[in-house]
Amino acid sequence: MAEKTVEYAVGRHPEMGVDGRAAASPLQPFDVPEPSLGGDHMLVNIGPQHPATHGVLRLVAELDGETVVNVTPHIGFLHSSFEKLGEFRTWNQVVPLTDRMDYLAPLIYNCAYVMGVEKLMGIEVTERCKVVRLILMEMDRIFGHLLWLGTTAIDVGAFTPFLYTFQERERIYKLHEALTGARITTSATRVGGMMADLPEGWTDSLLEFLDTFPETLEEVHRLLTNNGIHIGRTQGVGVISGEEALNHGLTGPNLRASGVEYDVRKDQPYYDYETYDFEVPVGTWGDCYDRYLVRMEEMNQSVQILRQALDRLPDGPINVDDPSISLPSKTDAMNDMESMIHHFKLITDGIPAPEAGDCYFPVEGSKGELGMYLVARKGSTKPVRWRIRPPSFVNLSVLPKLAQGHMVSDLIMINASLDIVLGEIDR
Amino acid sequence: MSEPERNEPEDGPQGEASAGLDALDEGPRPSDPEPDEPGLPEADPDAHPTVRALLDTFEDAVVRHETVSGDQHVVYLDPERNREILRWLHDEPEHAYKLLVDVTGVDLGDGAPLQVVYQLFSLDHARALRVKCLLPLDALEIDSVVPIWAAADWLEREVYDLFGITFRDHPDLRRILMPQDYAEGHPLRKDFPLRGRFSRAEQTRRALAQDVDRFYMPSERAIGREPQEVHFPDPNAPDEPESGPGADA
């Protein structure tokens, strides 16, 4: 005992006195007198700058002890008036605004917007373009779910899945970069086609991702699905019945976790989704655990869809063959006068809408039903009104109902399980 | 601040009519000032079973019916009876529009009535329907549909915030995206300049003059109270038998 003393690396302060009593040290626990509440409720402000709110969301919670009596989400901190800005931009100039809304799955928003415009104008895109967009959207569904998975696991104290999922996300980032030159702000689509066709070897990289990704997903499954802590934190927390979920307008995995089988890809199919072989996973209990399981399975289904889409990816042009919609090739625009004029006219004037009308076009985003509602006059080159039907916005509105009666720590888990993105909530 | 003139034709994306700093002040003007073309022709009501049933049941309240973008059906309703008819669409098992997808507003500008747009979807019948109510600019009030669909809560608040349409009987009609004390109006109206109505200096002055009341609702202020002072014990002080939890409460 006299010769060798055990050194404690943790829990001891360097300025520790000989009697084991710490000098003024923040590391040492000591008894903190609790303020007396006298039975009053307490008001706790969470956010807007708080990692557990997944963005600049502010929650004002009324607590009885540690139980949430009521919680009020305050949003708008990221309001960028995208819808108003869109009214001052030509149809194609709106595309960069769309990926800034959901920066966790930007390609879905790029695609959804131009699909809405094409529906409004009656433009039929090429077969190759359809399959390419479908591939991009399914890839970003995985991309969005992976971020959700990693950050939500952190919220219940599991750090490792975050490292796994972000490693896989990095590979999709690289695919984004190879295709568009940007990792997040992709702006990959144009009315009537794409900014560019898939680069050489891109599909091989995607196939390589599809080969190894399910293995990582399986590893995360092993880390979380039967993990006692994870189960304890998620099962029976934030329960909502299917009927209530529908009445509250929930869509996407949040609605399906409550047992309602509504998926835009199945119920209002676009881009031949009805010809792909995939299943829509639904939950039973409508709690955080079911929302987790539904998203995990959706990633598996997306992998299947991606494989089928890569198999049937046809050759051919990616842009529609219509000079009033598609730009000439860059080589032509730089080398002959007519193409240059064509390019100039299309960029400065924009694409005129053939007739007045409005159009609502829903797609299944990673967060839920993402709809683009567009209003145009005859010949207008800008939207008269551009409205995004925001899935996260509607999903978040149910948070007070879900959180009432739970603990504060469950409030964090419930908020995370809804999979929100503030860029799109605040627009 | 001068408001942009709505009928002034715009020459192109550059907006050449006002020069230099004036144009900055005014902000971009509304797009597409073309005169309104005659409305779309009435569509065939038999193409959509719900439209047929609506015409049979509420003949006098269905103002018109259009088909747009190929296959999308739009029904214009009398705004005085919106809740009654929407409740019927929700409850009737033949239609069962259990999902209220979206509520939004549309301002076409030039004094045209504001539109309140309801986007409905029926899961049982895999059928979508768009319902519109037109509100003249001097009577921007309509019944809230929150009693039918809870989803309308935030969506109607957003329409109120950005268009200034009041929803009667809404449980909590406050601004949602803009600050509660936002004084410049309703941003998605066509007469609202893109940069806002106040000068940048005035906007900055207001931002700096915020106080805590701005961040809490009155009901929240009633719960919260002044933080209580908590005295931490000095760990260096010699042990005293009296010191312990609750000593200063």
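The rules we used
Residues numbered from 1 in each chain as written. Chains lettered and ligands numbered in written order. Predicted model: local features only at pLDDT ≥ 70, side-chain atom pairs only at ≥ 80, totals over all residues. Helix = DSSP H or I, 4+ residues; strand = E, 2+ residues; numbered from the N terminus. Buried ≥ 20, exposed ≤ 12 C-beta atoms within 10 Å, placed from the backbone. Contact = placed C-beta atoms within 7 Å. Expected span 1.5 Å × (residues − 1). Pairing = 2+ DSSP bridges. Axes fitted to C-alpha atoms, helices over the stretch in contact; angles between N-to-C directions. Domains from an automatic or database assignment. Nonpolar A, V, L, I, M, F, W, Y, C, P; charged D, E, K, R; others polar. Core = buried A, V, L, I, M, F, W, Y, C linked by C-beta atoms within 7 Å. pLDDT = per-residue confidence, 0-100. Arc of directions from axis to C-beta.

Asks: Give a detailed account of the overall build of chain B, specifying residues and quantitative values.
Replies: Helix and strand counts for chain B stand at six helices and seven strands. For chain B, the α and β elements follow one another from N to C terminus as α-α-β-β-α-β-β-β-β-α-β-α-α. Looking at the 249 residues of chain B, the share that counts as buried comes to 30%. Looking at chain B alone, contacts between residues at least 24 apart form 50% of all its contacts between residues at least 6 apart.

Asks: Which residues make up helix α4 (residues 127-155) of chain A, and what values do they have?
Replies: Residue and element names in this part refer to chain A. An ideal rise of 1.5 Å per residue puts 42 Å on 29 residues; α4 measures up with 42 Å between its terminal C-alpha atoms. For α4, the buried fraction is high: 22 of the 29 residues fall into the buried class. One or two steps after α4, the chain reaches G157, where phi turns positive at roughly 95 degrees.

Asks: Could you give an account of the sheet that holds strand β3 (residues 67-74) of chain A, naming the residues involved and the relevant values?
Replies: All names here are of chain A. Taken in spatial order, the three strands make up an open sheet running β1-β2-β3, and their pairing is antiparallel. The outermost strands of the open sheet, each flanked by one partner alone, are β1 (42-46) and β3. Going across the sheet, the axis of each strand differs from the next one's by a mean of 20 degrees, ignoring polarity. Pairing geometry for β1 and strand β2 (residues 58-64), over five bridges, is antiparallel. Within β2, the position partnered with L43 by the bridge is E62.

Asks: Kindly report on the domain arrangement of chain A, identifying the contributing residues and their values.
Replies: Residues and elements named next belong to chain A. Per the domain assignment, the segments making up chain A are domain 1 (42-74) and domain 2 (82-426). Computed over C-alpha atoms, the centres of domain 1 and domain 2 are 28 Å apart. Across the contact, 15 residues belong to domain 1 and 18 residues belong to domain 2. Elements supplying a minimum of two residues to the side of domain 1 that touches domain 2: β2 and β3. Of all the elements, β3 adds the most residues to the side of domain 1 that touches domain 2, at six residues. Classifying every residue of the side of domain 1 that touches domain 2 by side-chain character gives eight nonpolar, six polar and one charged.

Asks: Which residues make up the nonpolar core, and what values go with them?
Replies: Counting residues in hydrophobic clusters, the biggest one holds 151 residues, and the most contacted among them are I108(A), A112(A), L374(A), I414(A), L100(B) and L120(B). By residue number, the principal contributor to this core is α4(A), which donates 14 residues. Each of domain 1 (42-74) and domain 2 (82-426) of chain A gives at least three residues to this core. In contact with L374(A), not counting residues within four places along its chain, are G116(A), V117(A), L120(A), D358(A), C359(A), P383(A) and W386(A).

Asks: An account of the confidence of the model for chain A is requested, with residue identities and associated values reported.
Replies: In the predicted model, chain A carries a mean pLDDT of 86, and the fraction of residues at 70 or more is 91%. In this model residues 1-29 of chain A is a low-confidence stretch, pLDDT under 50, and it forms 15 contacts with partners more than four residues away in sequence or in other chains.

Asks: Can you break down the pairing of strand β2 (residues 72-77) of chain B residue by residue, with the values?
Replies: Residue and element names in this part refer to chain B. Where burial is concerned, most of β2 is hidden: five out of the six residues are buried. In this sheet, β2 lies alongside strand β1 (residues 62-68) in antiparallel orientation, the contact comprising six bridges. Counted as the bridge partner of H65 is V75 from β2. Pairing of β2 with strand β5 (residues 127-135) involves four bridges; the strand directions are parallel. Paired with V75 across the strands is V131, a residue of β5.

Asks: Can you tell me about helix α5 (residues 160-180) of chain A, naming the residues and giving the values?
Replies: All names here are of chain A. Between its terminal C-alpha atoms α5 stretches 30 Å, which fits the 30 Å expected from 21 residues at 1.5 Å a residue. Considered for burial, the residues of α5 that qualify are P161, T165, E168, I172, L175, H176, L179 and T180. Down the axis, α5 shows its buried residues gathered within 115 degrees of arc, on one side only. In α5, the exposed positions angled more than 90 degrees off the buried face are occupied by L163, Q167 and E170. Positive phi shows up at G181, right after α5, with a value of about 90 degrees.

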